[in-house]
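Per-entry structural report
For reference, the chains in residue letters:
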Amino acid sequence: MKLLLLGPPAAGKGTQAEKLVERYRIPTISTGAIFRKAMEQMTPSGKLAKEYIDKGQLVPDDVTIAIVRERLAEDDCKNGYILDGFPRTLPQAQAADDMGIQFDKVILIDVADEEVVRRISGRRQCGECGAVYHIDDNPSEKVSLCDKCGGTLVTRDDDTEETVKIRLEVYHSQTEPLIRFYREKGNLVTVKGQKEVEHTTEMLFQALDK
Ligand code: AMP
């Protein structure tokens, strides 16, 4: 099973990927999470990625493609995977094709720009395990603490008002063309992102079972 989650920032790709992991028992590969870990560890690729991520720009295709190629060669990917956040540009989609990746389904989680801005301003992430919350829609039980591991919840450095505007522009200009790319391949399904995480998951599972 190979799945791709497409959608604007804060559409819920990471959150829904967690649900898909439970259902299909395959790993989720999030390029954003890989970059955040590399930035934390201050590796050369992390330092380079930071220059782009902090500005709301995309990390260059060659760097991103190389990282994904390496990750997908690992053992846990042999029965399939869920890609969250890659491909995000047409050259990346072409590279995925060239790697022989054929997605069973490409799932577009559709969320309007105003909703993206609202979601990002309330998004909090666990600094330890990466679990994602929203102060109104999906709050943790204890304020500022992760339900899963007790880690401290933080706001991502790139979740600022200014950066969100740029990330939305980048999404519309560079990532949205992928919708047509995959629609033409015939494997695109669209799920409208709901306020309640569970409702989106329900619609997602229905779309995958069709
Ligand atoms: P995300 O966690 O998916 O929102 O990604 C956070 C940031 O990482 C993005 O705003 C980009 O700067 C960078 N990033 C993640 N995935 C990619 C990708 N496939 N290509 C280029 N940059 C990416």
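The structure contained in this document is the topic of the report that follows. Just so it is clear, the model here is predicted, and its values are computed rather than measured. (Residues numbered from 1 in each chain as written. Predicted model: local features only at pLDDT ≥ 70, side-chain atom pairs only at ≥ 80, totals over all residues. Heavy atoms only, no water.)

**Comments concerning the sheet that holds strand β2 (residues 28-30)**
Taken together, the 5 strands give an open sheet; going across it, the order is β2-β3-β1-β4-β8, and neighbouring strands pair in parallel fashion. The open sheet has two edge strands with one neighbour each: β2 and β8 (188-192). Taking the axes of each pair of neighbouring strands and ignoring which way they run, one obtains an average angle of 20° across the sheet. (Pairing = 2+ DSSP bridges. Helix = DSSP H or I, 4+ residues; strand = E, 2+ residues; numbered from the N terminus. Axes fitted to C-alpha atoms, helices over the stretch in contact; angles between N-to-C directions.)

**Some points on the sheet that holds strand β6 (residues 132-134)**
Within a sheet, neighbouring strands are paired by backbone hydrogen bonds and run either parallel or antiparallel to one another. On the basis of which strands lie adjacent, the open sheet formed by 3 strands has the order β6-β5-β7 and antiparallel pairing. Of all the strands in the sheet, the pair left with one neighbour each is β6 and β7 (153-154). Taken strand by strand, helix α6 (residues 113-121) contacts β5 (123-126) and β6, and its axis lies near 45° from that of β5. (Contact = heavy atoms within 4.5 Å.)

**Topic: the environment of Glu 169**
Following the sequence through the fold, Glu 169 ends up in helix α7 (residues 161-175). Looking at Glu 169, the relative accessible area reads 55%, which means it is exposed. C-alpha separation for the pair Glu 169 and Val 154, spaced 15 residues apart in sequence, amounts to 25 Å. (Buried < 20%, exposed > 50% of the residue type's maximum accessible area, 1.4 Å probe, protein only.)

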